[in-house]
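Listed here are the chains, written in short residue letters.
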Amino acid sequence: MAVTLEVSPARKRRLFGSLESPKVSDAKLTRSLFLACQEISLMQPLRFILRRNSLSIIRKVKILAAVFDELLRSEMVYSQSAQLCFEELQIVMQRMKALIEDCSRASKLWLLLQIENISFSFHELVTDLSTVLDILPVKDFRLSDDAEDLIILLRKQCSGSVQFIDPRDDALRRKVTDTIDGIKHQISPNESRLIEIFSDLGFHDSASLTDEIQRLEDETHDQIDERSKSSAASLIGLVRYTNCVLYGPSTPSPSPDFRRHKSLSDANIPADFRCPITLELMRDPVVVSTGQTYDRESIDLWIQSGHSTCPKTGQVLKYTNLIPNRALKNLIVMWCRDQKIPFEIYEDGGGVGSHAPCKEAVEFTRMLVSFLIDKLSVAESNDVVFELRALAKSDSVARACIAEAGAIPKLVRYLGSDSSSLQINAVTTILNLSILEQNKARIMETDGALNGVIEVLRSGATWEAKANAAATLFSLAGVSAYKRRLGRKTRVVSGLVDLAKQGPTSSKRDALVAILNLASERENVGRFIEAGVVEAARDAFRELPEEAVAVVESVVRRGGLMAVSAAFGSIRLLGEMMREGADTTRESAAATLVTMCRKGGSELVAEMAAIPGIERVIWEMIGTGTARGGRKAASLMRYLRRWAAGDTQETVVETQSIVVPTPNRLFNPVL
């Protein structure tokens, strides 16, 4: 017996109850109803699924359009009861249009599984139309006999209407549910059966199935209850498997725009959605005792490293409990969806997934991965690697299945491929796999995997390949032990700094973010300074102010006098960032200058004082900046006032004196 996949009619879409009747004059109301009828009359009935239901509605509205055409020409004044009927009719018309439009845009497979609910919605609309027609004062309208006959005909059709499900639709639904039921028992779908099902649904090529997957993913976001989400996940697995089995792995576009995260690095992420520690998009925002919000993974690592203060405010954390910021998470999810950026949902405890994946979806994914790995073993196929890349991008279940199937060692051999497209697909697949926590260890422990990624970073065929290698290193550095291990590798440090210096904007951003992550380990900072990270970040101030200034702040905070010396030439630029940057950039620039003044001595304060208009900039930041930015600006003002008063003893904390650099020499403390 087939498993019935129950679905909930509740969904986050149109709320028909919120539709309001228009308050307009008689003539305008009549014209509005006529135009609404015309608009629905011109709509195409649904194809393949619910065709007869939609066609029945459209035919009834066409009859109504003829009646309103005559009323429009009569220009009569209507009674209050007639106006009320027309207003109710207007709402029914809006609901009819909305239902047909929703169904025409929805996934066909999803409509098929919901066919009882949706057919009831069509029947409900006909019933509501019948109710309005029954109380409509037709005798007051002085209609022609033909028009009155049309009203009588329409009343008869509506009153005799019953909920209807096309037997062919119902039979097709049973085929789909039988196929999914077989998957639960690990029975692979018959290829001829798949052809039959998807041909009946109107899918005849890979492109149409890819579009269906996108519709199903949108449907998943629209659903409220977990059972419906699981049903949609099962259907996505079915379509992915069918697409690969019937039409083979996807062929990459010659000029793909299929960057990871739909180019999250290219997206203009709102400042409030970034974690103040990593500057990355927050996946699981949580609030600490000071009221500041951080990504759970970042603040967990901060606390586990022995810190007891808030990274942003410097205040002591009264307690270390992390409170989920659900409102912000919902806003981030909505933004990601609008931007077409995949967003991994995390539970409040940090686990992936807001619900356990259903067995059918997992089995479909395993079957698809097995099919692709077998293909990969037979021949070197860019198409297969591209398909694995797309699958690894989709969700954590796919990432786990791909890694468990032994894909990582097979992907490693393509990292050095002469084909730029194959190299990009291989390194990006490894990047997508690394998002899953347990896969980080698999990648680090696989022979040649880490060295292969580093080699792509240093000498990849394209900037995209290098950027994705940098992003992979950033992802792997999410584990504290790996962060230290990566930071000890000279090729990693020099490769990231070179990419930050030479790459295009999106690649520079990936490099700077990876550097920022690795530089959070104090022992790594010296190596980055020697490699020229401060100069690379300074050159990117105009192009990527937020990331570049954050890198300099992190390096100066952890790098001691060596870092202060390297950053001396950035003082004026940091002052400009305080004047022109976004709030987070201004705050970071001020924090960097405070650290430099504290560690570097009076000569550094003198250099800052020489910046034109610096006092006004500081006063403005005290008054209009963020809370932390205001405190840092106040500290800068104190340093300036003490320096102006000649109080060098209060200014110098870690050095007694400092030599101002000449063009050929960085300053060094006199010991």
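This text goes with the structure placed above it.
Note that the coordinates shown come from a computational prediction; the quantities given were computed from them, not determined experimentally.

Novice: Before we go on, may I ask you to explain the overall build of the protein chain in this structure?
Specialist: Summing up its helical and strand segments, the protein chain has 32 helices and three strands in all. Within the protein chain, the fraction of its 671 residues that count as buried is 52%. If you take every contact in the protein chain between residues at least 6 apart in sequence, the share linking residues at least 24 apart comes to 73%. Accessible area for the protein chain stands at about 29,800 Å²; split by element, carbon and sulfur atoms hold 50% of it.

Novice: It is not clear to me how the side chain of E521 should be interpreted in this structure. Could you clarify?
Specialist: The topology assignment puts E521 in the loop between α23 (505-518) and α24 (522-531). By relative accessible area, E521 is classed as buried at 17%. Contacts of E521, omitting those with residues within four sequence positions, involve S480, K483 and R484.

Novice: Teacher, can you tell me more about the pattern of salt bridges here?
Specialist: Should the charged atoms of two oppositely charged side chains come close, the side chains can pair. Applying the stated criterion across every chain, the model contains 35 salt bridges. When the shortest N-O distance is used, the salt bridge between K97 and E39 registers 2.7 Å. Placement of the pair is K97 in helix α3 (residues 80-105) and E39 in helix α1 (residues 26-41), with a sequence separation of 58 residues. Residue D395 is joined to R240 by a salt bridge in which the shortest nitrogen-to-oxygen separation is 4.0 Å. In this pair, D395 sits in the loop between α14 (382-394) and α15 (396-404) while R240 sits in helix α10 (residues 226-247), placing the two residues 155 residues apart along the sequence. Accessibility expressed as a relative area gives 25% for D395, which makes it partly exposed. Among the charged side chains, a salt-bridge network with shared partners connects E116, D170, R173 and R174.

Novice: Can you walk me through a positive patch on the surface in this structure?
Specialist: Where like charges cluster on the molecular surface, the positive patch consists of R47, R51, R59 and K62. The topology assignment puts R47 in the loop between α1 and α2 (51-74).

Novice: Can you help me understand the sheet that holds strand β1 (residues 285-287) in this one?
Specialist: Strand pairing in a sheet takes place through backbone hydrogen bonds and is either antiparallel or parallel in direction. Taken together, the three strands give an open sheet; going across it, the order is β2-β1-β3, and neighbouring strands pair in antiparallel fashion. The strands lining the two open edges of the sheet, one partner per strand, are β2 (293-295) and β3 (323-324). Sheet analysis places β1 next to β2, joined by three bridges and oriented antiparallel. Residue pairing across strands places V287 opposite T293, the latter belonging to β2. Relative to β2, helix α11 (residues 296-304) is tilted by about 95°, and along the sheet it contacts β1, β2 and β3.

Novice: How should I be thinking about the packing of helix α27 (residues 571-580) against helix α28 (residues 583-600) in this particular structure?
Specialist: When two helices pack together, their arrangement is captured by the angle between the axes and the distance separating the axes. Where α27 meets α28, the axes come as close as 8 Å, and the angle between the chain directions of the two elements is 145°. Of the two elements, α27 crosses α28, and the hand of that crossing is left-handed. Here I571, L574, G575, M577 and M578 of α27 come into contact with α28, specifically with T585, R586, A589, A590, T592, L593 and M596. Its residues assigned to classes, the contact of α27 with α28 shows eight nonpolar, three polar and one charged.

Novice: I'm lost on the environment of E297 in this one. Help?
Specialist: Take E297: it is sitting in helix α11. Remark: the alpha-carbon pair of E297 and R283, spanning 14 residues in sequence, is separated by 8.8 Å. Each residue touching E297, except ones within four places of it in the same chain, is listed here: E437 and G478.

Novice: Can you walk me through helix α8 (residues 191-200) in this structure?
Specialist: It helps to recall that an α-helix has 3.6 residues per turn; residues three or four apart then point in one direction. Here α8 has its buried residues at L194, I197 and F198. Projected down its long axis, α8 shows its buried positions confined to an angular sector of 85°, all on one face. Buried residues belonging to α8 abut α4 (108-113), α7 (167-184), α9 (206-222) and α10. Positive backbone phi, at 90°, marks G202, one or two positions downstream of α8.

Novice: Help me out: how do you make sense of unusual backbone geometry in this one?
Specialist: Keep in mind that most residues, glycine aside, have a negative phi and that most peptide bonds are trans. The phi dihedral of F48 falls on the positive side, at around 70°, and the residue is not glycine. Mapped onto the elements of the fold, F48 is located in the loop between α1 and α2. A relative accessible area of 29% places F48 in the partly exposed class. Even without glycine at this site, R142 takes up a positive phi of about 50°. On the secondary structure map, R142 appears in the loop between α5 (115-135) and α6 (145-159).

Novice: So what exactly am I meant to see when it comes to the packing of aromatic side chains here?
Specialist: Aromatic rings considered in pairs are described by the distance between their centres and by the relative angle of their planes. If you walk through the whole model with that rule in mind, you get five aromatic pairs. Summarising the aromatic geometry, the rings of F198 and F203 are spaced 6.0 Å apart at their centres and angled 50° between planes, so their arrangement reads as tilted. Ring geometry for Y241 against F364: centres 6.4 Å apart, planes inclined by 45°, an arrangement best described as tilted. Placement of the pair is Y241 in helix α10 and F364 in helix α13 (residues 359-378), with a sequence separation of 123 residues. Accessibility classification places Y241 together with F364 in one group, the buried group. An aromatic cluster of three or more residues is present, and its members are F68, F86 and F141. In this structure, K108 is placed above the aromatic ring of F203, and the distance from its NZ or CZ to the ring centre is 4.8 Å. The lysine or arginine in question, K466, covers the ring of W463, its NZ or CZ lying 4.6 Å from the ring centre.

Novice: Can you help me understand the environment of I269 in this one?
Specialist: With respect to the helices and strands, I269 occurs in the loop between α10 and β1. Separated by 10 residues in the primary sequence, I269 and L279 place their C-alpha atoms 9.6 Å from one another.

Novice: In this structure, what is going on with the packing of α14 against helix α17 (residues 420-434)? I would like to understand it.
Specialist: Between α14 and α17, the shortest axis-to-axis distance is 8 Å and the interhelical angle comes to 25°. It follows that α14 is roughly parallel to α17 by the angle criterion. Every pair of crossing elements has a handedness; the one defined by α14 and α17 is left-handed. Across the interface between the two elements, N382, V385, F386, L388, R389, A392 and K393 of α14 pack against S421, L422, I424, N425, A426, T428, T429, N432 and L433 of α17. Of the residues contributing to the contact of α14 with α17, the split by class is eight nonpolar, six polar and two charged.

Novice: Any chance you could explain the environment of A469 here in plain terms?
Specialist: Looking at the element boundaries, A469 is found in helix α20 (residues 463-476). Taking relative accessible area as the criterion, A469 reaches 0% and is therefore assigned buried. Separated by 41 residues in the primary sequence, A469 and T428 have C-alpha atoms spaced 7.5 Å apart. Beyond its immediate chain neighbours, meaning those up to four positions away, A469 contacts V427, V453, V456 and L457.

Novice: Just to check I follow, could you spell out helix α31 (residues 627-644) for this structure?
Specialist: Look at α31: 26 Å from first C-alpha to last across 18 residues, which is about the 26 Å you get at 1.5 Å a residue. For α31, the full list of buried residues reads R628, G629, G630, A633, S635, L636, M637, Y639 and L640. The first or second residue beyond α31 is G646, which carries a positive phi of 80°.

Parameters at a glance
- Residues numbered from 1 in each chain as written.
- Predicted model: local features only at pLDDT ≥ 70, side-chain atom pairs only at ≥ 80, totals over all residues.
- Heavy atoms only, no water.
- Helix = DSSP H or I, 4+ residues; strand = E, 2+ residues; numbered from the N terminus.
- Buried < 20%, exposed > 50% of the residue type's maximum accessible area, 1.4 Å probe, protein only.
- Contact = heavy atoms within 4.5 Å.
- Areas by Shrake-Rupley, 256 points an atom, 1.4 Å probe, with all protein chains shown as cover.
- Salt bridge = Lys/Arg side-chain N within 4 Å of Asp/Glu carboxyl O.
- Patch = residues over 30% accessible without salt bridge, like charges linked within 9 Å, V, L, I, M, F, W, Y side chains within 5 Å.
- Lys, Arg positive; Asp, Glu negative; His and termini not counted.
- Charge placed at Lys NZ, Arg CZ, Asp CG, Glu CD.
- Pairing = 2+ DSSP bridges.
- Axes fitted to C-alpha atoms, helices over the stretch in contact; angles between N-to-C directions.
- Left-handed = near helix turned anticlockwise from the far one by under 90°.
- Nonpolar A, V, L, I, M, F, W, Y, C, P; charged D, E, K, R; others polar.
- Arc of directions from axis to C-beta.
- Phe/Tyr/Trp six-rings, centres within 6.5 Å; stacked < 30°, edge-to-face > 60°.
- Lys NZ or Arg CZ within 6 Å of the ring centre and 35° of its normal.
- Parallel < 35°, antiparallel > 145°, perpendicular 65-115°, else oblique.
- Expected span 1.5 Å × (residues − 1).

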